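Per-entry structural report
Residue strings, one per chain:
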Amino acid sequence: LAFKASGEAIMSQVFALSQAAITHRRALLFVVVTMSYLLLYLAAKLFGGDAGVLGLSDDAVRTIGHFSVYGMLAVGLAKLCREQYLLAWLVTCLLATGEEFHQLFVPFRYACLEDWATNVLGVTCFLVLAWVMSNAGHASHDRQDSVTHH
């Protein structure tokens, strides 16, 4: 009986530690998501439209940046929200809309429907890929469980 009680105490401690690790990962993920958004903002401010790299045009670099940064932001947000992909899609698309809208009021900047569409496309593609990968992982785990229990 004493062994069972100490075993339960150990399991309780392991559970508490795992919850702390999850909380720590979420906090870290929040920082990464926030930094991704800030990186996009700073890149726009620092380069001011002159961001040609590796022989790519400014437009290509901007498009790749909008697509990938908003995509990563969406995936990070989805993980932060316990894989609530639709919520992450909505919030990230609202951020993209807000970014384009605020440019209406910034001197020498302009709102661009093409940038907004690229942001939304990046969000959608990255989240669909993350969802497929997550479900493939769950399906693989379920198959392993069914093999070990039979």
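One structure accompanies this document, and this report is about it. (Residues numbered from 1 in each chain as written. Predicted model: local features only at pLDDT ≥ 70, side-chain atom pairs only at ≥ 80, totals over all residues. Heavy atoms only, no water.)

**Quick look at the pattern of salt bridges**
This structure, assessed with the given rule, holds one salt bridge. One salt bridge connects Glu83 with Lys79, and the closest N-O pair in it is separated by 3.2 Å. On the basis of relative accessible area, Glu83 is assigned to the partly exposed category, the value being 31%. (Salt bridge = Lys/Arg side-chain N within 4 Å of Asp/Glu carboxyl O. Buried < 20%, exposed > 50% of the residue type's maximum accessible area, 1.4 Å probe, protein only.)

**Side note on the packing of helix α2 (residues 58-80) against helix α3 (residues 85-102)**
Orientation of α2 relative to α3, taken along the N-to-C sense of each, is 140 degrees, at an axis distance of 8 Å. Taken as axis vectors, α2 and α3 run oblique relative to one another. For the pair α2 and α3, the crossing hand works out as right-handed. In this structure, α2 contributes His66, Tyr70, Leu73, Ala74, Leu77, Ala78 and Lys79 to the contact, and α3 contributes Tyr85, Ala88, Val91, Thr92, Leu95, Ala96, Glu99 and Glu100. When the residues that make up the contact of α2 with α3 are grouped by side-chain class, the tally is ten nonpolar, two polar and three charged. (Axes fitted to C-alpha atoms, helices over the stretch in contact; angles between N-to-C directions. Helix = DSSP H or I, 4+ residues; strand = E, 2+ residues; numbered from the N terminus. Parallel < 35°, antiparallel > 145°, perpendicular 65-115°, else oblique. Left-handed = near helix turned anticlockwise from the far one by under 90°. Contact = heavy atoms within 4.5 Å. Nonpolar A, V, L, I, M, F, W, Y, C, P; charged D, E, K, R; others polar.)

**Concerning α3**
Between its terminal C-alpha atoms α3 stretches 25 Å, which fits the 26 Å expected from 18 residues at 1.5 Å a residue. Those residues of α3 that fall on the buried side of the exposure criterion are Tyr85, Ala88, Thr92, Cys93, Ala96, Glu99 and Glu100. Buried residues of α3, viewed axially, fall in a sector of 125 degrees; they line one side. Exposed side chains of α3 directed beyond 90 degrees from the buried face belong to Leu86 and Leu94. (Expected span 1.5 Å × (residues − 1). Arc of directions from axis to C-beta.)

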